[in-house]
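Survey of secondary and tertiary structure
If you want the building blocks of each chain, they are given just below.
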Amino acid sequence: QVQLVESGGGLVQAGGSLRLSCAASGIDFSINDMGWYRQAPGKQRELVASITRDHRTNYADSVKGRFTISRDNAKNTVYLQMNSLKPEDTAVYLCNSAFVNLVGRLVNGYWGQGTQVTVSS
């Protein structure tokens, strides 16, 4: 049974920080690419940050320099450190896993339930 469980969301004032965690079980965590997505009401879901199985990272332009994604394979956990938060960062943040084969095709992927991040002005 696969589970991705997010935690660490909450209410914070603009300029503040939060650290999100996503604990995975039921997958071989170390060989999966991991990502954080977010979805705000009335907005399209967007990829915020990703980290591959070989530890390469990618960020949306809107969060570069403010957010940092990392992973701890020993703990089967991926993190998103969010600094200098802005009201426009308000969204449900969702954790995603993706196992990709040698020709770049998605073999299997899973989603967490999400954690709410609210940034007040």
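Preceding this section is the structure that the text describes.
Let me begin by describing the structure that accompanies this report. (Residues numbered from 1 in each chain as written. Predicted model: local features only at pLDDT ≥ 70, side-chain atom pairs only at ≥ 80, totals over all residues. Heavy atoms only, no water.)

The next thing to look at is the state of the cysteines. Evaluation of the coordinates by the stated rule reveals one disulfide. A sulfur-sulfur distance of 2.1 Å marks the disulfide that ties Cys-22 to Cys-95. Of note, the bridge from Cys-22 to Cys-95 carries an S-S torsion of about -85° and is left-handed in sense. Of this pair, Cys-22 sits in strand β3 (residues 18-25) while Cys-95 sits in strand β9 (residues 91-100), and the two are 73 residues apart along the sequence. Judged on exposure class, the residue Cys-22 and its partner Cys-95 are both buried. (Disulfide = S-S within 2.5 Å. Helix = DSSP H or I, 4+ residues; strand = E, 2+ residues; numbered from the N terminus. Buried < 20%, exposed > 50% of the residue type's maximum accessible area, 1.4 Å probe, protein only.)

Right, let's talk about the nonpolar core for a bit. Counting residues in each nonpolar core, the largest one holds 27 residues, and the members touching the most others are Trp-36, Phe-67, Ile-69, Val-78, Leu-80, Met-82 and Tyr-93. When contributions to this core are tallied by element, the ones reaching two or more residues are β3, β4 (33-39), β5 (46-51), β7 (67-72), β8 (77-82), β9 and β11 (115-120). (Core = buried A, V, L, I, M, F, W, Y, C linked by side-chain atoms within 4.5 Å.)

Of note, Gln-81 is situated in strand β8. The exposure class of Gln-81 is partly exposed, given its relative accessible area of 27%. Between the C-alpha atom of Gln-81 and that of Lys-43, which follows or precedes it by 38 residues, the distance is 22 Å.

Here the focus is the pattern of salt bridges. Within the structure shown, the criterion is met by five salt bridges. Of the charged contacts, one joins Asp-61 and Lys-64 as a salt bridge, the two residues approaching to 3.2 Å between their closest N and O atoms. Taken together, the shared-partner salt bridges in this structure form one network comprising Arg-38, Glu-46, Arg-66 and Asp-89. (Salt bridge = Lys/Arg side-chain N within 4 Å of Asp/Glu carboxyl O.)

Let's shift gears to the sheet that holds β7. What the four strands build is an open sheet, ordered β1-β3-β8-β7; its pairing is antiparallel. With partners counted over all chains shown, the strands left at the sheet margins are β1 (3-7) and β7, one partner each. Each neighbouring strand pair of the sheet contributes to a mean axis angle of 15°, computed without reference to strand direction. As paired strands, β7 and β8 are joined by six bridges and run antiparallel to one another. Across the sheet, the residue bridging to Ser-70 is Tyr-79, located in β8. (Pairing = 2+ DSSP bridges. Axes fitted to C-alpha atoms, helices over the stretch in contact; angles between N-to-C directions.)

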